[in-house]
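# Structural overview for review
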Amino acid sequence: QVQVVESGGGLVQPGGSLRLSCAASGSIFSLYAMGWYRQAPGKQREVGATITSGDSTNDTDAVKGRFTIARDNAKNTVYLQMHSLKPEDTGVYYCNVVARVLVRRYNYWGQGPQVTVSS
């Protein structure tokens, strides 16, 4: 099957930067959209940024201009570069992978590392 492993996250001060990575491996025939979803404490999970196999990106208004999503197709890896972090960016960041296995597409999720922005 498919495994999704995330790395990065941690504690940063407001205005700081962090980089998250998410690598997919396993019986993958092809990768479709990959993205990041975050869940703030006590709130519902929401979309942060997504990217397609053709490098078409989509960011939410909350992160636009501060976060950059990119992917390395050779490594089946997606990255999220975060700059000018704010306390409201605090939350668990889940990596989502849409991959083709055999003849169907499935959603796979990473473990969700914690990002904390605090002074």
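As a reminder, the structure under discussion sits directly above these lines.
Residues numbered from 1 in each chain as written. Predicted model: local features only at pLDDT ≥ 70, side-chain atom pairs only at ≥ 80, totals over all residues. Heavy atoms only, no water.

### Quick word on empty space enclosed by the protein
Counted by the stated rule, this structure contains one cavity of 30 Å³ or more. What the largest cavity holds in volume is close to 40 Å³. In terms of lining, the largest cavity is formed by Trp36, Tyr37, Arg38, Gly48, Ala49, Val63, Phe67, Leu80 and Tyr93. For the lining of the largest cavity, the element with the most residues is strand 4 (residues 30–39), which contributes three residues. A class-by-class count of the residues in the lining of the largest cavity yields seven nonpolar, one polar and one charged. (1 Å grid on protein atoms, 1.4 Å probe; cavity = no way out; pocket = protein on both sides within 12 Å on 5 of 7 lines; lining within 4 Å. Points joined across faces, edges and corners; volume = space filled by probe spheres on them. Helix = DSSP H or I, 4+ residues; strand = E, 2+ residues; numbered from the N terminus. Nonpolar A, V, L, I, M, F, W, Y, C, P; charged D, E, K, R; others polar.)

### Points about the pattern of salt bridges
Pairing of side chains with opposite charge becomes possible as their charged atoms draw close. Under the defined criterion, the tally for this structure stands at three salt bridges. One salt bridge in this structure joins Arg38 and Asp89, with 2.9 Å as the shortest N-O distance. Note that Arg38 is positioned in strand 4 and Asp89 in the loop between strand 8 (77–82) and strand 9 (91–101), a separation of 51 residues in sequence. The two residues Arg38 and Asp89 agree in class, both being buried. Take Asp89: its relative accessible area is 1%, and that puts it in the buried class. Where salt bridges share partners, they join Arg38, Glu46, Arg66 and Asp89 into one cluster. (Salt bridge = Lys/Arg side-chain N within 4 Å of Asp/Glu carboxyl O. Buried < 20%, exposed > 50% of the residue type's maximum accessible area, 1.4 Å probe, protein only.)

### Description of the sheet that holds strand 7 (residues 67–72)
Strand order in the open sheet formed by four strands is 1-3-8-7, and the pairing between neighbours is antiparallel. Taken across any chain shown, the strands that pair with only one partner, and hence form the sheet edges, are strand 1 (2–7) and strand 7. Each strand of the sheet is rotated relative to its neighbour by a mean of 15°, with strand direction disregarded. Relative to strand 8, strand 7 runs antiparallel, the two sharing six bridges. Bridge pairing in strand 8 places Asp72 opposite Thr77. (Pairing = 2+ DSSP bridges. Axes fitted to C-alpha atoms, helices over the stretch in contact; angles between N-to-C directions.)

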